[in-house]
Every structure is written in structure tokens, then in C-alpha cells.
Amino acid sequence: MKKKILIAFLLLLTGVMSVFGFAAFNNSVKLEEKSTPTIATLEPAYAVTADTKEVQTRLKKWGYYTGNVDGINGPKTIAAVKAFQKKYGLTQDGIVGPLTAAKMGINLNQSSSSSNYSSNDRYLLAKVIYAEARGESYTGQVAIGAVVLNRVEDSRFPNTIAGVIYQPWAFTAVNDGQINLEPNQTAYQAADDALNGWDPTYGCVYYYNPETATSSWIWTTTTVTQIGKHVFAV
Amino acid sequence: MDKEKITSVDYEKEKEQNKSNVNKDKETKKKSNAQKAIPGLIVAIVSLLIILTCVIIAYYQVYNSSKQNANVLEGVYASSYYSMVDNVNNLHVDVSKFSTLSTKQSKLNTLQDIMGDCNYILAGLSVLPIDEANSVSAIKFFNQVSGLSEAYMQKLNNGEELTQEETLMFDKISLVVGKIKTNFNKQNAGMYEGNFSFVDASIFDDSGMNELSLGMGDMTSESIDYPAMIFDGPFSTALETQEVKGLVGEEISVEYAQNYLKNTVFEGENAKITYLRETNGDISTYDFEVNLDGKDYDVQVSKVGSLVITISSFAENGDAVMSGEKAIEIAEKFANKIGFESMKSVWLEIHDNVAYINLAPVIDDVIYYPDLVKVKVDLASQQIIGFEAVNYAFNHTQREPEFNLTISECEEVLGFDYNILKTSKTVIRLDGGREISAYEFMCERIDGIYFYYIDANTGEVARTMKLVSVEGVEKLV
């Protein structure tokens, strides 16, 4: 009898430990998810946009500006810009427009849809490819990457890779957490191909699995091709 | 006899006595057992209480954590939503007043504000849980308004005037923004009543809809007559109807494409070619799977013009046994073999022992960047493992580019503090799809290498790119 009580007690204790263990595991998973490392971008894509600091740095180097490089477009900075414009026969409005920027060697042509992809983007793209299409053929994986990039270039979607991938409810893998799986080498290769312009879907911005798609709206899109389990559409 | 009787009586007594003793023993044992069971029972009850307490604590923790997460999410949604609505209101004011402005500076300032409003609105729209069907029209509209404003700013900065038609475009836009604003304000009124929760409202039902999506329903293209916006920019309406210029000739059959692959692209009897399907996008292709020497390739051949549009495969693990220069040689030879003439390497990037080579037609010393073809060469197996010619299929055509300004005239735009490393005559494609003749200046500046593209007829800076290093790979951005 004693033995039975002891066994029951141990079983109950195991149960208690399991409950706490599960709670602890849950917390650790959350922590891991939060601390998923991202590859540091060596130089951000916006490194060449003309911000006030960049203008001040250049003008200071060339002797037009004597104030601090503080990023504030104050009277001293405007006066320095005007002096620079005067020197090069530009309209003296104190604004660093395209002509003034070009004279300063600064690029203002960064468009919001720019295809200036960084290593973060490569990582994110590989993640979404792995999460959404790891069972598919290589071309099927490249196609998923291409759809993400096509969305970035399409006015109907957010203008960054992160914006497209994390747009709420856009990708199942984000909703169910599979996006947090670590991508394999094939997914990275597929991401590289997509980033380098490979697009087996020729501009598709939608894909779905016809066996599991629930949204009736998705059936109204125009099908371009089917690769593996996914139908690609515009 | 009497003795016998006595004995019998004694025996009965003794028997009863024994019976009574046994019963007593049993009772004593029972009592003793019951007494022994009490601690066990207490342990069990205490254990149960502990478990119950733990379960309650665990549940409370999970509940609390979920509630906290929901609150944080509610904050993100609410902040995005209300900022978005504020910026829709601001946008309405800015676009309404645009056609009343007369000075260049006030126009530039307002266009800048419009771009800012649009970008804030887009940031909000991309965060809120709205289904795609109901958000695409609105996102497209705000992207286009932002792109249009940027194009107009560029025009004003180049010293040009906006035409009356261009200025009045903002009145059309104002009407649309007004409708969107009304929709949002209607939705707002509903939210102020009762305890509205964005998190609760964001949950999708079986049809893929939720309360926020339904609210956005009035902003689809069916409900609002969005104006067509054509401008030199990435989101121009003009890009939606891109013409396929590079594919000419008769439509070929699957058998023809199969033979073409067998005899020209994958030479040799070893290639096993299997027809997979048709792809019917802007470019229509026959798609094949090719197995050559144990390696699989997915290949797409255009129905019109019989052009190889893509070859997709991946690199096996292995050490590089050849240089990038050798890979360029292989890539150029391959492109020439399958019908892409005058292709020269204009960019090489090596990543994970794979060379990505950009080829462009170079005719009379002019580089035609719109016709870019990309080739992937495995530096370990020395095989072509990828080929992509979508740009070529879309853009390749006979051109006669004009270069009315000289290189030295265009060089003046570069300002100073640079060292020109290389110059080339090029044709480039702008974001809006328009092609221009441009001089390419590869320059070294104090903070790195830049590529400037100066319009060879207007002298304007058409594009500036900087060479940056991403994970040890050099890219032009």
C-alpha cells in the first residue's frame, strides 16, 4: 500500500514538474524567438541618401560650413548650401535638390521601391522560402522568393521585403510561426537566385495551394502557372 | 457422560471466545490499517492541492502573458490605425490645396508633404490585419500618389513646369482621398462606441475576412474610381501594360522546343528532357525538366521566338576550381550558342562558389542595360546552372540611341572630388519604363565607388549607384 502511495505521489510530482517544465519551455521558446540573430548589414541600403548630416559633412570639408555636424537644417546649414549653390551657378534656394546633390556627389535617387537588397533581406527571404516551400522543387522555392520580390516592386503591396513578408496574414508561415525555422543552404541559394532576378513565375504576386486555400477571393486571380503544389497568379 | 457434556460446553465457549477474539483482531487491524492510511491520504490530498495550485498559477501566467501580448499588439494596431487616419486627413488637405499653389517652392514643399503623408499611411496599412483583397487597391493608390509626387518634384527641380493636366490630377486624387477619409471616419465613429478592440476585430473568419477588412471593403477598386497615374516612376500605371518586344516570330510547338533543347542547349544524347507544363504570364513558355548527367534543370522556352527564358538549378557542394574570368568566358559562349548575340559581361558577383554574371548586348560600344541576361556558373562543377532572360524578352529591340552631348559636357555634372575610373556609352531604363541614352561614369570618391548615369541628351543625373559590400559580396545599390 505504501508503495502504491509512493508511486502515485511520484507520478503526481512528475505531472507537476511537467506543467512547470512546459511553462518554462514555453518561455524559453519565446526568448529564443525574440533573440533570433539577424545578419548585420554592412552598409544599409539608404547609405547614400542625402541627409542633413551628410550635407553638413561635405560642406564642412569643403569650407562652406563651420558649424557642428548635428543633422539640424538650421540657418548656418542653409547659408552654407546657398554659398555652395552660388559657387556652382545653381539657384540659391538653400535646398539640396537633385542638381545641388549631384554637384555635391550625393545621390537623391533612392526610390521607395528600390531593389537595394541587404543581407537582412537575403536572410528574411531564405526564411520565408524555407518555411513556405521546403518540400518543393528548387524552382518552386525560387518562385516563392520571386513572388515576395515581385510584391516589393508592385504598388499594391508594401515596399520592402520585411514589409511584404510580415504584412499581417499574407503568409501562413508567419501566422503559424514556421517563419522562425532556420533556413537551409538550398533556401539561401534560392533566395540568392530570386534576388539576382530569377523569376519562374514571370511577375506573379500571388500563390496558393489549391488543395488547402480557403479564401474564395484567391480563386478570382489569374493563374499563370503551377509549380509543384503551388499555383502562381497575378 | 457429564464429563463429556462439560467438555462440549467448554469447547463451544472456547470457540465463541476465539471467534470474538478474531473479530477483535480484525477490528484492531482495520483500525490500525485506517490509521496507517491517513498519512497517505493526506499526502495525496496535499499533492492534489499542489497540482491544482500549480495549474492555476501556470494558467494565470499564460493568461497574463497572452493578455500582455494582446495589449502590446492592441497598442501597435491602434497607433498604426490612428496615425494612418490622421495622415489620410492631412493628405486630403495637402492634395486639395495643391492646384491652388502658384510658386515653385510652395509646390515642392506640398509635394514633399504629400509623399510623407502617403508613406505614413502605407506604413499603417502594411501593419494592420486587413485581408489582401481589401487592401491592395488602397495600397496601390497611396504608392502611386507618392510616386507621382516624386516625379513632379523631379520635374520642378529640373526647371520644368507642371502642365495644367498634371496639376489637375491632384483634384482627382483629392476626390478619392476624400472618399477614403469619409470611410475611415465612419469606421472611427463605430469604434468610439463601446469597447472596440483591434485585436478582437483582427481575427479572421472562415472566409478570410474580419471586421477591419470589412471596413476597408469600401476602398476596393470596385467602389472607388481610382485615376490612372502615368509618370516616370516605379509604380506608374504605364508599367502594368508592359509590351513584350524581344519575342518575335511564329509560335512553336512543344516538340520543336524539346528538339531545340536537345540539339542546341543541352547538346548530346544524355539529356533526358521531360515536358512539364505551360506558363501563361506576360511571357508564355513551355516548361521542361532536363536531366543531364544526373543533374536536374528546370527550363522555360518561350512559345514565340523559341528563346530560352530561364534555366534553374542549384550548385552542389564543392571547392571552386576555376576563376570568375573563366566563368565569364563560359557564360558569354553559352549565351552566344543559344542565340543571344553580342553579349558581354558587365557585372560579376561570386557568392558561395557560384558566379552570377550579368551579360548585356554591347553594340557599337553602347551597352544596352535594359536587355540584361543573367547567367549562373558553378565554380566547382564548371557548369552553367542558371540562365535568366526575362528582361531581354521584354525589352530587346532594334534601337538607334542618340548621344547629343559629349562625355566631357556630361562630366561637368559630376561636381568635384572624384576620380573617373571608367566611362561607357549606355542605354538605361528608368523606373517608369522609359529608356534613355546615358554616359556611365565609374568614379572613385572619398567614401567609395559610385556609378553615375548622366542623360546624354539633357545632361541630367538619371541614376546614381554606389558600390556597397554585403556579406563580402559587392553590389550596386
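What exactly am I supposed to notice about the layout of surface pockets here?
To locate leftover empty space, one rolls a probe as large as a water molecule over the atoms. Of the pockets and cavities examined, the second largest pocket occupies roughly 1100 Å³. In terms of lining, the second largest pocket is formed by 40 residues, of which the most central are Trp-169, Ala-170, Phe-171, Thr-172 and Tyr-207 of chain A. Secondary-structure elements contributing two or more residues to the lining of the second largest pocket are helix 5 (119-133), helix 8 (172-175) and strand 1 (206-208) of chain A together with helix 3 (132-157) of chain B. Taken together, the residues of the lining of the second largest pocket sort by class into 18 nonpolar, 12 polar and 10 charged.

Mind showing me how you'd approach the environment of Ile-230 of chain B here?
Residue and element names in this part refer to chain B. Relative to the helices and strands, Ile-230 is located in the loop between helix 6 (211-216) and helix 7 (254-265). Residue Ile-230 is classed as exposed on the basis of its relative accessible area of 62%. Considering only alpha carbons, one finds Ile-230 and Gly-147, 83 residues apart in sequence, at a separation of 9.6 Å. Ile-230 has contacts with Ser-236, Thr-237 and Ala-238, leaving out every residue within four places of it along the chain.

So what exactly am I meant to see when it comes to the pairing of strand 3 (residues 295-302) of chain B here?
Residues and elements named next belong to chain B. The element strand 3 is largely enclosed, with a buried count of seven among its eight residues. Bridge analysis of strand 2 (residues 284-292) against strand 3 gives eight bridges, and the strand direction is antiparallel. Across the sheet, Asn-291 pairs through a bridge with Asp-296, a residue of strand 3. A loop of two residues connects strand 2 with strand 3, the two strands running antiparallel in sequence, and Asp-293 in this loop sits at a positive phi of about 50°. Relative to strand 4 (residues 308-312), strand 3 is paired through four bridges, and the arrangement is antiparallel. Within strand 4, the residue paired with Asp-298 across the bridge is Ser-312. Counting the residues in the hairpin turn of strand 3 and strand 4 gives five residues, including Gly-305, whose phi is positive at 90°.

Just checking my understanding: could you explain a nonpolar patch on the surface for this structure?
A contiguous nonpolar patch, built from Ile-38, Ile-42, Val-46 and Ile-50 of chain B and spanning about 330 Å² of accessible area, is present on the exposed surface. Checked against the element boundaries, Ile-38 of chain B lands in helix 1 (residues 2-98).

Teacher, can you tell me more about the side chain of Lys-295 of chain B here?
Residue and element names in this part refer to chain B. By the secondary structure assignment, Lys-295 is in strand 3. Lys-295 sits in the buried class, given a relative accessible area of 12%. Those residues in contact with Lys-295 that sit more than four places away from it in its chain are Val-290, Ser-313, Phe-314, Glu-316 and Ile-385.

Any chance you could explain helix 3 of chain B here in plain terms?
Because the α-helix completes a turn every 3.6 residues, residues three or four places apart line up on one side. Residue and element names in this part refer to chain B. The terminal C-alpha atoms of helix 3, which comprises 26 residues, lie 36 Å apart, in line with the 38 Å expected from a rise of 1.5 Å per residue. The buried fraction of helix 3 is high, at 22 of 26 residues. The positive-phi residue at the C-terminal boundary of helix 3 is Gly-159, with phi of around 85°.

I'm lost on the pairing of strand 10 (residues 419-429) of chain B in this one. Help?
Every regular strand shows the same layout, with side chains that alternate between the two sheet faces. All names here are of chain B. The pairing of strand 7 (residues 366-368) with strand 10 spans three bridges and is classified as parallel. Along strand 10, the bridge assignment pairs Ile-367 with Thr-426. In this structure, strand 10 lies alongside strand 11 (residues 435-445), joined through 10 bridges in antiparallel fashion. The partner of Val-427 across the bridge, within strand 11, is Ser-437. Between strand 10 and strand 11, which pair antiparallel and follow one another directly, the connecting turn spans five residues, one of which, Gly-433, has a positive phi of 105°.

Cut-offs applied
For every chain, the first residue of the written sequence is number 1, and numbering continues from 1 along that sequence. By the order in which they are written, chains take letters starting at A while ligands take numbers starting at 1. Per-residue local features of the predicted model are confined to residues with pLDDT of at least 70, and side-chain atom pairs are confined, for both listing and counting, to 80 or more; whole-chain, interface and lining totals are unaffected and use all residues. To obtain the side-chain values, all non-hydrogen atoms of the structure were included, while hydrogens and water were left out. For cavity detection a 1 Å grid was placed over the protein atoms alone, and a set of points counts as a cavity when a 1.4 Å probe fits there but cannot get out; an open set counts as a pocket when protein lies on both sides within 12 Å along at least five of seven lines, with lining residues being those that have an atom within 4 Å of a point. Grid points are joined across faces, edges and corners, and a volume is the space filled by probe spheres set on the points. Put simply, DSSP H or I for four residues or longer makes a helix, DSSP E for two residues or longer makes a strand, and each gets a number counted from the N terminus. Basically, the charged four are Asp, Glu, Lys and Arg, the nonpolar ten are Ala, Val, Leu, Ile, Met, Phe, Trp, Tyr, Cys and Pro, and anything else, Gly included, counts as polar. For the exposure calls, accessible area comes from a 1.4 Å probe over protein chains only, and a residue counts as buried if that area is under 20% of its type's maximum, exposed if over 50%, partly exposed in between. Note on definitions: a residue-residue contact is assigned when non-hydrogen atoms from the two residues lie within 4.5 Å. Should DSSP find at least two bridges between two strands, the strands are taken to pair. Exposure above 30% relative accessible area and the absence of a salt bridge qualify a residue for a patch, where like charges join within 9 Å and nonpolar side chains (Val, Leu, Ile, Met, Phe, Trp, Tyr) within 5 Å. Surface accessibility follows the Shrake-Rupley procedure with a 1.4 Å probe radius. Residue values consider only the protein chains on display as shielding. Salt bridge, as used here, is a side-chain nitrogen of Lys or Arg placed within 4 Å of a carboxyl oxygen of Asp or Glu. Here the expected length of a helix is defined as 1.5 Å per residue gap, with one fewer gap than residues.

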